[in-house]
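Listed below are the residues making up each chain.
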Amino acid sequence: MSRILTVAAAQLGPIARDEPRQSAVARLSAMLREAKAKGAGLVIFPELALTTFFPRWYFEEQAEVDVFFEREMPNAAVRPLFDLAAELEIGFNLGYAELTPDGHHFNTSILVDAKGRIAGKYRKVHLPGHRENEPWRPFQHLEKRYFEPGDLGFPVFEAFGGRMGMCICNDRRWPETFRVMGLQGVELVSLGYNTPVHYPPAPEHDHLQDFHNHLVMQAGAYQNGTWVVGVAKAGKEEGCDLIGGSCIIAPTGEIVAQCATLEDEVVIADCDLDRCREIQDNIFNFALHREPESYRLITETKGAVKRSA
């Protein structure tokens with residue numbers, strides 16, 4: 001028997017700096033309804049889906065930063081999305097900025113079940129960018145200043161009839177992200193991102209942004225035998241062009257559905273979770289083929305180590 005989970009990738013167009021959360025939630029709710037009408041049981045929303053991508057600005061006062069963070073989830077502004085999900089009996093994955101009761105700041109993603117209950121939480125591990133103001137840039141990328149590295153690792157959750165994992169944006173570029181979840185038998189990884197077209201430290205790579213985005217997600221899917229759903233905040237947001245390319249990727253690494261615009265858009269695919277076995281039982285049968293004794297350097301060092309042969 002097949003285990004079919006119909007999944008929707010719900011791409012967001014730009015969110016203005018002054019756009020209230022109620023507006024963003026209304027847009028998410030509209031896509032939730034559209035996904036349900038198309039038969040989806042799970043909807044994946046982007047990273048930081050409730051606000052503009054605020055790390056593009058340098059703020060000197062912490063209070064200016066904290067206005068973009070959620071102190072509880074769900075809160076009054078986001079509660080309508082949870083209520084609608086429970087009403088429609090559909091789950092979702094949501095990215096947002098989390099401010100914990102004891103004052104920690106995380107780039108967070110949650111998995112919400114079809115009854116509107118939080119079934120899993122992930123906090124972004126690989127924070128890109130820089131910490132201090134760099135005025136030479138056309139826009140800042142201050143995730144290292146505004147967030148702490150995630151402290152939950154890469155957990156996998158039993159939900160929606162399978163094994164679900166999460167990661168966020170820059171995490172997708174690191175193979176360890178997918179491998180740690182792959183070693184837990186993950187069957188679907190949801191992944192939200194906000195990725196600029198222009199990369200100031202290496203502008204010669206700008207034309208490769210869409211290619212690299214799909215390259216790493218397709219590799220992660222294939223090398224771990226898992227579905228991957230990557231969802232963008234896209235378009236020109238506060239003068240910054242963000243890539244789109246939101247897509248659903250099969251365990252074979254093939255893209256089976258992809259957004260065609262840079263606006264609010266929903267695409268869906270029937271994800272047979274049993275197809276993960278095609279890869280996990282064969283070419284990437286970890287128990288049969290992995291040789292972890294040869295990989296110790298991966299966890300023994302942070303940076304590159306030049307060793308003599």
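Residues numbered from 1 in each chain as written. Predicted model: local features only at pLDDT ≥ 70, side-chain atom pairs only at ≥ 80, totals over all residues. Heavy atoms only, no water.

1. Some points on helix α6 (residues 209-224)
Applicable threshold: Each helix is a run of H or I in the DSSP string that is no shorter than four residues. Each strand is a run of E no shorter than two, and both are numbered from the N terminus. Given the number of residues in a helix, its expected span is that number minus one, multiplied by 1.5 Å. Relative accessible area decides the class of each residue, using a 1.4 Å probe on protein chains only: under 20% of the type maximum gives buried, over 50% gives exposed, and in between gives partly exposed. Read the arc as the range of directions from the helix axis to the C-beta atoms.
The end-to-end C-alpha separation of α6 is 23 Å, in line with the 22 Å expected for 16 residues at 1.5 Å each. Within the sequence span of α6, burial applies to Q209, N213, H214, V216, M217, G220, A221 and N224. One face of α6 carries all of its buried residues, which in axial projection span an arc of 165 degrees. Phi turns positive one or two residues past the end of α6, at G225, with a value near 60 degrees.

2. Brief notes about helix α1 (residues 21-37)
Side chains that are three or four residues apart share a direction in an α-helix, a result of its 3.6 residues per turn. We count it as follows: Any pair of residues with heavy atoms lying within 4.5 Å of one another is described as a contacting pair.
If you check α1, its first and last C-alpha atoms are 24 Å apart, about what 17 residues at 1.5 Å a residue would give, namely 24 Å. Each element contacted by the buried residues of α1 is listed here: β1 (4-11), β2 (42-44), α3 (79-88), β3 (91-99) and β14 (265-272). Positive backbone phi, at 95 degrees, marks G39, one or two positions downstream of α1.

3. Section: the packing of helix α5 (residues 175-182) against α6
Where we set the bar: Only C-alpha atoms enter the line fits that serve as axes; for helices the fit covers just the stretch in contact. Angles between N-to-C directions range over 0 to 180 degrees. Oblique is the label for any angle not covered by the other classes, which are roughly parallel (under 35 degrees), roughly antiparallel (over 145) and roughly perpendicular (65 to 115). For any pair of crossing helices, the crossing counts as left-handed if the nearer helix is rotated counterclockwise from the farther one by less than a right angle, and right-handed if it is rotated clockwise. Each residue receives one of three labels: charged for Asp, Glu, Lys and Arg, nonpolar for Ala, Val, Leu, Ile, Met, Phe, Trp, Tyr, Cys and Pro, and polar for the others, Gly being one of them.
Look at α5 against α6: their axes get within 9 Å of each other, and the N-to-C directions meet at 30 degrees. Overall, the two elements α5 and α6 adopt an arrangement that is roughly parallel. Classified by chirality, the crossing of α6 by α5 is right-handed. Residues F178, R179 and G182 of α5 touch α6, and the partners they reach there are V216, G220, Q223 and N224. Each residue belonging to the contact of α5 with α6 can be placed in one class, and the counts come to two nonpolar, four polar and one charged.

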